[in-house]
Amino acid sequence: MGRVAGRVVLAVVVAAVLLAPLGTGSVGPAAASAAADARSSAAVTAPSPRPSFVVVVMDDASLELVRSMRTLRALQRTGATYDNAFVVNSLCCPSRAATFTGQPPHLNGVRTNTSGGPGPDLGGWPAFRAHRGPQRSYNTALQRSGYRTAFLGKYLNEYEPGRTSTGARTPPPVVPGWDEFESISGEGYNGWGYYRTTTRGAGGPGLRLVHHPRPPESASRAVKDKAYVGTVTQQRATALARRLEKGAGSGTPYLLHVATYASHARIVPAWRNDPVFPAAFRDRPSSANPGGNCGPRRCSRLTLRDLAGYGDDPSDNRPSYLERGKVTRAPAWRRPIGRLSREAALVRYRDRARMVQSVDRTLRGLRRVIGPDTYLIVTSDNGFHLGQHGLNGGKGTPYDSDTRVPLVVTGPGVVAGRRSQYVSNIDLAPTIESLAGKSPARLRAGASFAASLADVDADGAAHTFFEHTQGPVRPGEPDADPGSGGRLDAIPSYVAVRSDRGLLVRLDLDKAPGRTDYAWELYRYRRPWEDTNVFKRQHDKPYVRQLKRQLLAWVDCRPTQCRRLTR
């Protein structure tokens, strides 16, 4: 399919939206909502052959890291950049499950990173499998319609190789919906000494394990970098894309989903004094480059001023109770263990910028290999805070540092420029299905934003929602390490709604199962961060009452209602 044919995909999307029946006379709210839902889910009749897709999901890549990624910035200049891109849950595993299924945690069943209490399948791979996540994922839908599907990188928490009684490692179970599956085990957090699955050479329908051993500490920087998880991800992504592009040229479109470990903190240092955020050695400070490699900006020019809201006094962020129309102060929940010093925060920020250079090289390799009829979608599973909000390092909050993520799309018919429509990661699955010529599955709670790829001013969502379930830290939790703040369990459960008018959050301050203690926070974004909780002053204003109605409706919404609430 040439460039002209590729543009037909988006042209049909726009036509489906513009030509949707408008009716005559006045339209009631219910009818208008139904029409909007129908337009956002309009099927796309794609030409044959259909476009292919490469989706790159970074780990903990907050917005300030984009300025350190030369290739990603180049993609922004030629593609669609979504300034209001968010994730429905700012924690690794729930966010990734939401991306795969197009459903928020209360529908897909993955509420936390790990399984166990309360309930046997609260999160992680066990919950995803128990709730038939693989069967509901967007890659499975594409596979059924003739796409070849491939996965590479970090999959879901607790999806790990097993062990025999003698300690030998065994492959994890096959995940339905993938023709090629190269997951990298949890040791990938540390950068070295991990396992990779492959379908090649397995001798049947199962998986085979490939061991990537950790070099000795005495090995050269070049030898260590050859075994680095970011290097292997880059090489395997390029190789897979090159092979899949050949198949696309023969009429078999493909989906390649790449999930990097960068820029997540390590769990255990690979060697003595290894940094919390371990970059490839080629990107670390050296005699030849004392500052290290932070992309187009010198590392010394990265400062804490880049972190929106850093240093803001959190004392005016305490939540508020609302009982019988009376507002009172609720207990503050932001009580970090110790305090991340300015020096430590700056070191970690610069190390994170060095760490994402491996991702940028992956994007560079993919950009060289993929054809003009392949969409490249780059985003992150969540953002990251490094001392903002009176907290240490981490994620999981409803605030912009954690929920707002990069989202850049290039491909056939995409008009370059910035977009202001609100987009959630649960919108990715229906968008890709639409571009592939499929009607988005009815179980998707997200809505396609495909029309905005060709039309910067296309109608889109005006609200986005967040949800989080508090839980105790369990064995295997990767976000209770020092790099992530060590206080993931301190974040209370919450539901939140975000729009141009502000962010409204309902927190549950009672951690006991079966009990609730609701409190509220409201931020207007007079400054580009959550400066002051103004719930007490503005809780009774019409716009707040409307946000509250939408928030309460989201708590148990089903897919169709979820989609309508974003309009």
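Residues numbered from 1 in each chain as written. Predicted model: local features only at pLDDT ≥ 70, side-chain atom pairs only at ≥ 80, totals over all residues. Heavy atoms only, no water.

**Observations concerning the pairing of strand β17 (residues 463-468)**
In step 1: Judged by how many residues are buried, β17 sits mostly within the fold: 6 of 6 residues are covered.
In step 2: Neither face of β17 is exposed, since His 463, Phe 465 and Glu 467 on one face and Thr 464, Phe 466 and His 468 on the opposite face are all buried.
In step 3: Note: β17 against strand β18 (residues 493-499), 6 bridges, orientation antiparallel. Along β18, the bridge assignment pairs His 463 with Ser 499. (Buried < 20%, exposed > 50% of the residue type's maximum accessible area, 1.4 Å probe, protein only. Helix = DSSP H or I, 4+ residues; strand = E, 2+ residues; numbered from the N terminus. Pairing = 2+ DSSP bridges.)

**Re the nonpolar core**
In step 1: Within the largest apolar cluster, 58 residues are counted, with the highest numbers of intra-cluster contacts made by Val 54, Leu 72 and Leu 256.
In step 2: For this core, the leading source of residues is helix α10 (residues 229-249), giving 6 residues.
In step 3: Those residues in contact with Leu 72, other than ones at most four positions away along the chain, are Met 58, Val 66, Asp 360, Leu 363, Val 378 and Val 408.
In step 4: Tyr 155, Ala 259, Leu 435 and Phe 449 belong to the second-largest nonpolar core, a separate cluster that totals 42 residues. (Core = buried A, V, L, I, M, F, W, Y, C linked by side-chain atoms within 4.5 Å. Contact = heavy atoms within 4.5 Å.)

**A closer look at the sheet that holds strand β3 (residues 148-153)**
In step 1: Strands sit in the order β6-β3-β9-β1-β12-β15-β2-β16 across an open sheet of 8 strands; the sheet is mixed. Of all the strands in the sheet, just β6 (180-183) and β16 (417-424) have a single pairing partner and so form its edges. Looking at each pair of strands side by side, their axes are set apart by 15 degrees on average, direction ignored.
In step 2: Where β3 and β6 come together, 4 bridges link them in parallel fashion. When the bridges of β6 are listed, Leu 152 appears paired with Glu 182.
In step 3: Across the sheet, helix α3 (residues 70-78) lies against β1 (52-58), β2 (80-86), β12 (374-380), β15 (407-410) and β16, angled at about 60 degrees from β15, the strand it touches most.
In step 4: Running over the sheet, helix α14 (residues 428-435) touches β1, β12, β15 and β16 and is turned about 175 degrees from β12. (Axes fitted to C-alpha atoms, helices over the stretch in contact; angles between N-to-C directions.)

**A few points about helix α4 (residues 92-101)**
In step 1: The buried fraction of α4 is high, at 10 of 10 residues.
In step 2: Within the span of α4, buried status applies to Cys 92, Cys 93, Pro 94, Ser 95, Arg 96, Ala 97, Ala 98, Thr 99, Phe 100 and Thr 101.
In step 3: Downstream of α4 by a residue or two, Gly 102 has a phi angle that is positive, lying close to 70 degrees.

**Looking at the state of the cysteines**
In step 1: A complete count under the given rule lists 2 disulfides for this structure.
In step 2: Paired through a disulfide, Cys 294 and Cys 299 show a sulfur-sulfur distance of 2.0 Å. An S-S torsion of about 105 degrees defines the bridge between Cys 294 and Cys 299 as right-handed.
In step 3: Disulfide partner of Cys 557: Cys 562, at an S-S distance of 2.0 Å. Here the S-S torsion is close to 95 degrees, and the disulfide linking Cys 557 with Cys 562 is therefore right-handed. Across this residue pair, the class does not change: Cys 557 and Cys 562 are buried.
In step 4: Among the cysteines of the protein that take part in disulfides, numbered as they appear in the sequence, the pairing is 1-2, 3-4.
In step 5: Just so you know, Cys 92 is unpaired, no disulfide at all, and the nearest cysteine sulfur is the one on Cys 93, 8.2 Å from it. (Disulfide = S-S within 2.5 Å.)

**Re the side chain of Ser 90**
In step 1: Assignment of secondary structure puts Ser 90 in the loop between β2 and α4.
In step 2: What makes Ser 90 buried here is its relative accessible area of 1%.
In step 3: At a separation of 2.9 Å, a polar atom in the side chain of Ser 90 contacts the main-chain carbonyl oxygen of Thr 397.
In step 4: Apart from residues lying up to four places away in sequence, Ser 90 is in contact with Asn 382, Lys 395, Gly 396, Thr 397, Asp 402, Thr 403 and Tyr 494. (Polar contact = N/O pair within 3.5 Å; in protein donor to acceptor, adjacent residues only side chain to side chain.)

**Some points on α14**
Three or four residues apart is the spacing at which side chains of an α-helix point the same way, because the helix has 3.6 residues per turn.
In step 1: Buried residues dominate α14, accounting for 8 of its 8 residues.
In step 2: Along α14, the residues that are buried comprise Leu 428, Ala 429, Pro 430, Thr 431, Ile 432, Glu 433, Ser 434 and Leu 435.
In step 3: Where α14 terminates, the next one or two residues include Gly 437, which has phi positive at roughly 90 degrees.

**So, a positive patch on the surface**
In step 1: Where like charges cluster on the molecular surface, the positive patch consists of Arg 70, Arg 73, Arg 77, Arg 282, Arg 364, Arg 367 and Arg 368.
In step 2: Structurally, Arg 364 is set in helix α12 (residues 357-369).
In step 3: Overall, Arg 364 belongs to the partly exposed group, its relative accessible area being 32%. (Patch = residues over 30% accessible without salt bridge, like charges linked within 9 Å, V, L, I, M, F, W, Y side chains within 5 Å. Areas by Shrake-Rupley, 256 points an atom, 1.4 Å probe, with all protein chains shown as cover. Salt bridge = Lys/Arg side-chain N within 4 Å of Asp/Glu carboxyl O. Lys, Arg positive; Asp, Glu negative; His and termini not counted. Charge placed at Lys NZ, Arg CZ, Asp CG, Glu CD.)

**Section: the pattern of salt bridges**
In step 1: Throughout the structure, instances matching the rule amount to 24 salt bridges.
In step 2: Note that Asp 274 is salt-bridged to Arg 284, the shortest N-O span being 2.9 Å. Here the residue Asp 274 occupies a position in the loop between β9 (254-259) and β10 (320-323), and Arg 284 occupies one in the loop between β9 and β10, the gap between them amounting to 10 residues. Like Arg 284, Asp 274 is buried.

**Looking at the environment of Ile 491**
In step 1: Structurally, Ile 491 can be placed in the loop between β17 and β18.
In step 2: Sequence separation between Ile 491 and Arg 334 is 157 residues; the distance between their C-alpha atoms is 7.8 Å.
In step 3: Apart from the residues lying within four places of it in its own chain, the contact partners of Ile 491 are Trp 333, Lys 395, Gly 396, Thr 397, His 468 and Gln 470.

**Quick look at the side chain of Asn 108**
In step 1: Mapping Asn 108 onto the fold places it in helix α5 (residues 105-108).
In step 2: Judged by relative accessible area, Asn 108 falls into the buried class, the value being 1%.
In step 3: From its side chain, Asn 108 meets the backbone nitrogen of Val 110 in a polar contact 2.7 Å long.
In step 4: Once residues lying within four places of it in the same chain are set aside, the contact partners of Asn 108 are Ala 97, Ala 98, Thr 101, Gln 103, His 131 and Arg 136.

**Structural notes on the confidence of the model for the protein**
In step 1: On average, residues of the protein carry a pLDDT of 90, and 88% of them reach 70 or more.
In step 2: Confidence drops under a pLDDT of 50 for residues 1-8, and excluding neighbours within four residues, the segment shows 16 contacts in the predicted structure.
In step 3: Considering only residues more than four positions removed or in separate chains, one finds that residues 12-47, a stretch of pLDDT under 50, has 41 contacts. (pLDDT = per-residue confidence, 0-100.)

**Description of the packing of α3 against α12**
In step 1: With their axes 7 Å apart at the nearest point, α3 and α12 run at an angle of 50 degrees to one another. By the criterion of interaxial angle, the relationship of α3 to α12 is oblique. Here Arg 70, Thr 71, Leu 72, Ala 74, Leu 75 and Thr 78 of α3 come into contact with α12, specifically with Asp 360, Leu 363, Arg 364 and Arg 367.
In step 2: Of the residues contributing to the contact of α3 with α12, the split by class is 4 nonpolar, 2 polar and 4 charged. (Parallel < 35°, antiparallel > 145°, perpendicular 65-115°, else oblique. Nonpolar A, V, L, I, M, F, W, Y, C, P; charged D, E, K, R; others polar.)

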